[in-house]
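Fold and contact review
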4 protein chains.
Amino acid sequence: MIEVAVFGAGRIGKIHAGNVARHPEAKLRYVVDVHEPSAKELAGKHGATVASVDEALNDPAVGAVVIGSSTDTHADLIQRAAAAGKAIFCEKPVDLDVERARACQAAVEKAGVVCMIAFQRRFDPTFSSLKKRLDDGEIGTPEVLVVTSRDPGAPPVNYIKSSGGVFKDMLIHDFDIFRWVLGDVAVSVHAAGSCLTDPAIEGAGDIDTTAVTIRTKSGKLCQINTSRRAAYGYDQRFEVLGSKGMLQAGNVTPTQVVSHTATNIAHDLPEHFFLERYREAYAAEIAHFFDALAAGTPVRTTIADGIKALELAEAAARSWREGQAVQVNI
Amino acid sequence: MIEVAVFGAGRIGKIHAGNVARHPEAKLRYVVDVHEPSAKELAGKHGATVASVDEALNDPAVGAVVIGSSTDTHADLIQRAAAAGKAIFCEKPVDLDVERARACQAAVEKAGVVCMIAFQRRFDPTFSSLKKRLDDGEIGTPEVLVVTSRDPGAPPVNYIKSSGGVFKDMLIHDFDIFRWVLGDVAVSVHAAGSCLTDPAIEGAGDIDTTAVTIRTKSGKLCQINTSRRAAYGYDQRFEVLGSKGMLQAGNVTPTQVVSHTATNIAHDLPEHFFLERYREAYAAEIAHFFDALAAGTPVRTTIADGIKALELAEAAARSWREGQAVQVNI
Amino acid sequence: MIEVAVFGAGRIGKIHAGNVARHPEAKLRYVVDVHEPSAKELAGKHGATVASVDEALNDPAVGAVVIGSSTDTHADLIQRAAAAGKAIFCEKPVDLDVERARACQAAVEKAGVVCMIAFQRRFDPTFSSLKKRLDDGEIGTPEVLVVTSRDPGAPPVNYIKSSGGVFKDMLIHDFDIFRWVLGDVAVSVHAAGSCLTDPAIEGAGDIDTTAVTIRTKSGKLCQINTSRRAAYGYDQRFEVLGSKGMLQAGNVTPTQVVSHTATNIAHDLPEHFFLERYREAYAAEIAHFFDALAAGTPVRTTIADGIKALELAEAAARSWREGQAVQVNI
Amino acid sequence: MIEVAVFGAGRIGKIHAGNVARHPEAKLRYVVDVHEPSAKELAGKHGATVASVDEALNDPAVGAVVIGSSTDTHADLIQRAAAAGKAIFCEKPVDLDVERARACQAAVEKAGVVCMIAFQRRFDPTFSSLKKRLDDGEIGTPEVLVVTSRDPGAPPVNYIKSSGGVFKDMLIHDFDIFRWVLGDVAVSVHAAGSCLTDPAIEGAGDIDTTAVTIRTKSGKLCQINTSRRAAYGYDQRFEVLGSKGMLQAGNVTPTQVVSHTATNIAHDLPEHFFLERYREAYAAEIAHFFDALAAGTPVRTTIADGIKALELAEAAARSWREGQAVQVNI
């Protein structure tokens, strides 16, 4: 049984806290949040205690921390938790600044602690089943990956301003999917982008619609298309063409009801957004973290993965700004 | 908070116990099972205590019982729990004998306790969404219901011998779907049947494949086809034709992976059997029971529903034996 | 090259004439219709000549006739064409009266001419592919057949009055599907029915909604559900459960466009009615007829098939009237 | 009625000849092919005459020519047919050399003849239905287009050597789809590519797998991914994201049979290759050509469209060779 401190009592912190509380090998001891009412409410719900960062990290009973607070706190918390010898589960990104993320990596390595970066999509039942079948050779050698990744709507412009831009904020997940699915090194990145949904996003120096192409060392090709707006909900699909076929990961719907009326044959819209779509994935990644800690086995998504995804995001952002492909080795 | 005794630590008992334990308004206090190791293991898992039927029913702290033990114990436990003033959640069927089931109903009414019979399919997300849309008038007046209900494989013949026959054991759920979806009174029942999958089932006096037709007072028609064997897994679909369209409830699959190979385009098989297919429904029906108790509102599936489904099963069995339609008023 | 007379220049006659004209082994010589303008227009379109029945049958150059005139003319034309030694392609039904149909069969046999009854569904690409895969053993032994057969709307009541009733007019196709797919002898037929879409149909002594169950000698079960009204169009599906799986024949849509909007994910409605849905089947059955004539091989749907389907329709009608299952050997 | 000469009696020439022969406003008079036996066979099948190019073009009775001969003959035939005052229907591409294609355009304009370039995909029922719904505003303003275009297998390397390269030979259709669907001017083109299926293709200086991104004047984004090999057949899909939703064009399958076995739920593979997939489109484009001639209305795909698609192909090829995005105004 590992005692756990959760940092962040917001949307994602609540989900992580619930999953920690349900895991048989974990015990939620502390909830930490600068907004005390949120911390109190979440702690109360799970029989945990509100604490400060110091109290949580100084308590030798705490074996692991789950970092779900705002992005700008990640690096500091990782470094302090590493120094305190705690196992670390941290939301992406490590930090918006790659250098600072690398400093975190160094701290983690120096301390010799486990640090898992939460790329929850790898734990989604559909995505992980596809990956397993791909690895089992069902479609031969993978050659082309097409990723479609669209949010139902854009976040507030204030959020966008401090988000690090669409490539680091939104596509970072897709870059991780690219690395995970194709398992190859990127040698060239090209990104086109536009602001089509809201001029305020352009005003914030960002874009809402992107088209990225990555070529790998062995010549595999990856195309990613994203938008901050899909009227029909959260669109999370990818497909892999291999030498012997194709595997597609489709959207998930709340129900399997189909209606036939004089108008059309109608199916459910996809699960509305990430909290619903990745509900099982969030539980599975937390379970993986604590199972790995208990078994002493490596975690599947490390801080190195977090840094590679960031590097790809930076390359894409540069390509978009310069209007040219960027040569990389990521 | 209601304290609960769960009767039965088998397959379905474990599921109910887990859902009780997770419900914020319920507290699992006792597990009762004639097989003590099973009771101990299940109680241990949820911090509950092993008890005898008497101990559980005599404890005034216990407000509700969940009956998931073998069918032949249901009637006795319902009557004793009713006498003890406990709220009752009981697996279907009430009893294989309609008269005995009616005696249970009388006992429940006399005691004035809540008694919910577990027709979990009504709580399935797909089925309940369809029903809501039907009630909202999406396809006008319902006219025809077609139910397909197939198990992946037959239970052991020993089970079949004491099951009450396929109509009471298997189709009872489908009869409840008929009553729930069409919301009308059956006036005629015709059942054809065959033993096609295993002669041992015929040896036990039963059949494995059925085709039932029900006509209602207002002329609505219902067809049910069932089999004890579907090589592709658990097949649980129905569709309603209405004056303005059709609503279909399709099978649920573990993932949304689709493969394209030189052979075909392949989708997942449906969830294998009822424990997987109705996982969410089992949680939802328990939640409904405790929510209703907490709110003092009626439960959605009562002992009267359990008896009506039994009566339809008896009528179908008679029709099958006699090779003729049976006039009813159920 | 076989010269052909087409009887009937209405909706179905036009389709047959066009398919005859396009077939490399056939030459459309005569069009015969009591309504001369229709005959003229159709003949003109294909470079054929308008003729009377006698002229067409007396012309020794004519090798085959295609009968697409009204139902009440079929028997007479079959008998006269047989006497004239012509190969015969005739729309279903042979006649509404089984005895008269048998007389036609006798005439055909006596004359030794080919007589094909047009059950075009057997020639539909989807249905015939399913049948071939079934025969190839893909799902083992067939056990259960479920047929869904719904028209977009009812024909005029005047048509219904002289149609012979829903079982002979509409379900005759479904009875042929039953015979073709299961390949077994019916021993019991039960039919329930209601008039739900239009009281005028009841006024005409008919029903618009049916639920039929057939049991075969070897215990196979077939359920057919039909309606004269499906708001979403022409619904023509069936599925076969076998010992090793299931084969389903789905509806055909005009396009493969799928829309995702804020409302739903929407697919095309099925092809609207039989002229569209079975367009390819109509061409294929005519092609089969002339190919068989050219090759001297048997036709796939004979007058015997036409009579068996009629007998099943009569049994179903009797079961519906009497409210009881009917024992047969068809 | 227009008399027609068809140039080319190969695979595509046969299809065009058949469609000409079936069109009520057209009469197939001549078939021209350097391979005389092919010309004879095709002419014989449709009651036409074998002729030389000169004979066909010098016959004043000929009103239109259909050019389906090899690519290197297109430009010469277009120019000669234009000079002879014939209406022209020509397979893509106009020519592999853009300058020569422009000379053809000049010749056509000077002669004032109709010249339709055969982008048959625009006439596919699924694609044209999608386009109509897009134009009708069903998903608001289009923003992103994703095109997937994969052949079942590569053509012989000898063909590839003289094909002009994958961008002119294969993607030219996809570039036309881009122009047609988004209706906007391309301002930047980026193409990545690899040879992954057969080293002999690389030996011929070509690639077999591409990933193209186009950005338009108004910021719309288009991604195209193509491969010369899809083990599962011909994959021809595209989807458009708009401000109010998404429209997808899916693959077409030969039948609607679905099998459920112990292995999976299996659907048909898509139509195997272009002759099957675009069978209806080939008929529709020929029909459109002759209907437009008869009505004196403009054709939908002009020689200007052919040249724009070529220009995009050249830009993509240059981008691929240089590894950089190319600025254009096409």
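All of these numbers come straight from a predicted model, not from anything done at the bench. (Residues numbered from 1 in each chain as written. Chains lettered and ligands numbered in written order. Predicted model: local features only at pLDDT ≥ 70, side-chain atom pairs only at ≥ 80, totals over all residues. Heavy atoms only, no water.)

**Quick notes on the sheet that holds strand S1 (residues 2-7) of chain D**
Pairing between the strands of a sheet is mediated by backbone hydrogen bonds and can be parallel or antiparallel. All names here are of chain D. As summarised here, the arrangement of the 6 strands in space is S3-S2-S1-S4-S5-S6, forming an open sheet in which the pairing is parallel. Two strands in the sheet have a free side with no partner beyond their single neighbour: strand S3 (49-50) and strand S6 (115-118). Judged from the 4 bridges that link them, strand S4 (residues 62-67) and strand S5 (residues 87-91) form a sheet pairing that is parallel. When the bridges of S5 are listed, Ile67 appears paired with Cys90. Along the sheet, helix H12 (residues 279-295) makes contact with S1, strand S2 (26-32), S4, S5 and S6, crossing S5 at roughly 165°. (Pairing = 2+ DSSP bridges. Helix = DSSP H or I, 4+ residues; strand = E, 2+ residues; numbered from the N terminus. Contact = heavy atoms within 4.5 Å. Axes fitted to C-alpha atoms, helices over the stretch in contact; angles between N-to-C directions.)

**Considering the UniProt feature "domain: Gfo/Idh/MocA-like oxidoreductase N-terminal" (unreviewed entry) in chain A**
Within this structure's numbering, the places UniProt gives as "domain: Gfo/Idh/MocA-like oxidoreductase N-terminal" (unreviewed entry) are residues 2-119 of chain A. Secondary structure across residues 2-119 of chain A divides into 47% helix and 25% strand, with the first and last C-alpha atoms of the span separated by 22 Å. (UniProt positions renumbered as here; feature names shortened; annotations may be inferred.)

**Some details on the packing of helix H4 (residues 71-83) of chain B against helix H5 (residues 98-111) of chain B**
Residue and element names in this part refer to chain B. Across the interface, H4 lies against H5 with an axial gap of 8 Å and an inter-helix angle of 15°. By the angle between their axes, H4 is roughly parallel relative to H5. You can see that H4 and H5 cross each other, and the crossing is left-handed. Contacts between H4 and H5 involve Asp72, Ala75, Asp76, Ile78, Gln79 and Ala82 on the former and, on the latter, Arg100, Ala103, Cys104, Ala107, Val108 and Ala111. (Parallel < 35°, antiparallel > 145°, perpendicular 65-115°, else oblique. Left-handed = near helix turned anticlockwise from the far one by under 90°.)

**Side note on the domain arrangement of chain A**
The parts lose accessible area when they come together, and the size of an interface is often stated as this lost area. Residue and element names in this part refer to chain A. If you check the domain split of chain A, you get domain 1 (2-113) and domain 2 (122-278 + 308-327). The C-alpha centroid of domain 2 is placed 28 Å from the C-alpha centroid of domain 1. Contact with domain 1, which involves 10 residues of that partner, is made by 12 residues of domain 2. Taking both sides of the interface into account, the surface hidden between domain 1 and domain 2 amounts to around 920 Å²; carbon and sulfur atoms contribute 67%. Connecting domain 1 to domain 2 are 1 salt bridge. Counting across the domain 1 and domain 2 interface gives 3 residue pairs in polar contact (both at pLDDT 80 or more). Those elements that provide at least two residues to the side of domain 1 that touches domain 2 are helix H1 (11-22) and helix H5 (98-111). (Domains from an automatic or database assignment. Buried area = accessible area lost by both parts, 1.4 Å probe. Salt bridge = Lys/Arg side-chain N within 4 Å of Asp/Glu carboxyl O. Polar contact = N/O pair within 3.5 Å; in protein donor to acceptor, adjacent residues only side chain to side chain.)

**Details of the sheet that holds strand S4 (residues 62-67) of chain C**
All names here are of chain C. Here we have 6 strands laid out as an open sheet, ordered S3-S2-S1-S4-S5-S6, and parallel in their pairing. One side of each edge strand has no neighbouring strand; the edge strands of this open sheet are strand S3 (49-50) and strand S6 (115-118). Bridge analysis of strand S1 (residues 2-7) against strand S2 (residues 26-32) gives 6 bridges, and the strand direction is parallel. For Val4, the partnering residue across the bridge sits in S2 and is Leu28. Helix H4 (residues 71-83) rests against S1, S4 and strand S5 (87-91) of the sheet, and its axis sits at about 175° to S5.

**Looking at the packing of helix H5 (residues 98-111) of chain C against helix H13 (residues 303-322) of chain C**
Residues and elements named next belong to chain C. Remark: H5 packs on H13, axes separated minimally by 10 Å, with the N-to-C direction vectors making an angle of 170°. Regarding the angle of H5 to H13, the classification is roughly antiparallel. In contact with Val98, Ala101, Arg102, Cys104, Gln105 and Val108 of H5, H13 contributes Ile303, Ala304, Ile307, Leu310, Glu311 and Glu314. Taken together, the residues that form the contact of H5 with H13 break down as 8 nonpolar, 1 polar and 3 charged. (Nonpolar A, V, L, I, M, F, W, Y, C, P; charged D, E, K, R; others polar.)

**Remarks on the relation of the copies chain A and chain C**
The transform that puts chain A on chain C rotates by 180° and translates by 0.0 Å along the axis, for an RMSD of 0.0 Å. Each copy turns onto its partner about a two-fold axis. Residue Ala266(A) of chain A places its C-alpha closer to the rotation axis than any other residue of that unit, at 2.2 Å. A shared interface surface links the copies, since 100% of the contact residues of chain A are contact residues in chain C too. (Least-squares fit on C-alpha atoms with pLDDT ≥ 70 in both.)

**Some words on the interface of chain A and chain C**
Residue-level contacts link 13 residues of chain A with 13 residues of chain C. Across the interface of chain A and chain C, roughly 1,100 Å² is buried in total on both sides, 67% from carbon and sulfur atoms. It is Ile265(A), His267(A) and Leu269(A) that lose the most area in chain A upon contact with chain C, and together they represent 39% of the buried surface on that side. Where chain A meets chain C, there are 0 salt bridges. For the interface between chain A and chain C, the tally reads 2 residue pairs in polar contact (both at pLDDT 80 or more).

**A word on the packing of aromatic side chains**
On inspection of all chains with the given rule, the structure shows 32 aromatic pairs over all chains. Geometrically, the ring pair formed by Phe89(D) and Phe289(D) is edge-to-face, given 5.5 Å between the ring centres and 65° between the ring planes. Pair noted here: Phe89(D) is in strand S5 and Phe289(D) is in helix H12, with a separation of 200 residues, a long-range link. The buried category is assigned to Phe89(D), whose relative accessible area is 0%. A network of ring pairs unites the aromatic residues Phe127(A), Tyr234(A), Phe238(A), Phe273(A), Phe274(A) and Tyr278(A) as a single cluster. Above the face of the Phe127(B) ring, Arg277(B) is positioned so that its terminal group lies 5.1 Å from the ring centre. (Phe/Tyr/Trp six-rings, centres within 6.5 Å; stacked < 30°, edge-to-face > 60°. Buried < 20%, exposed > 50% of the residue type's maximum accessible area, 1.4 Å probe, protein only. Lys NZ or Arg CZ within 6 Å of the ring centre and 35° of its normal.)

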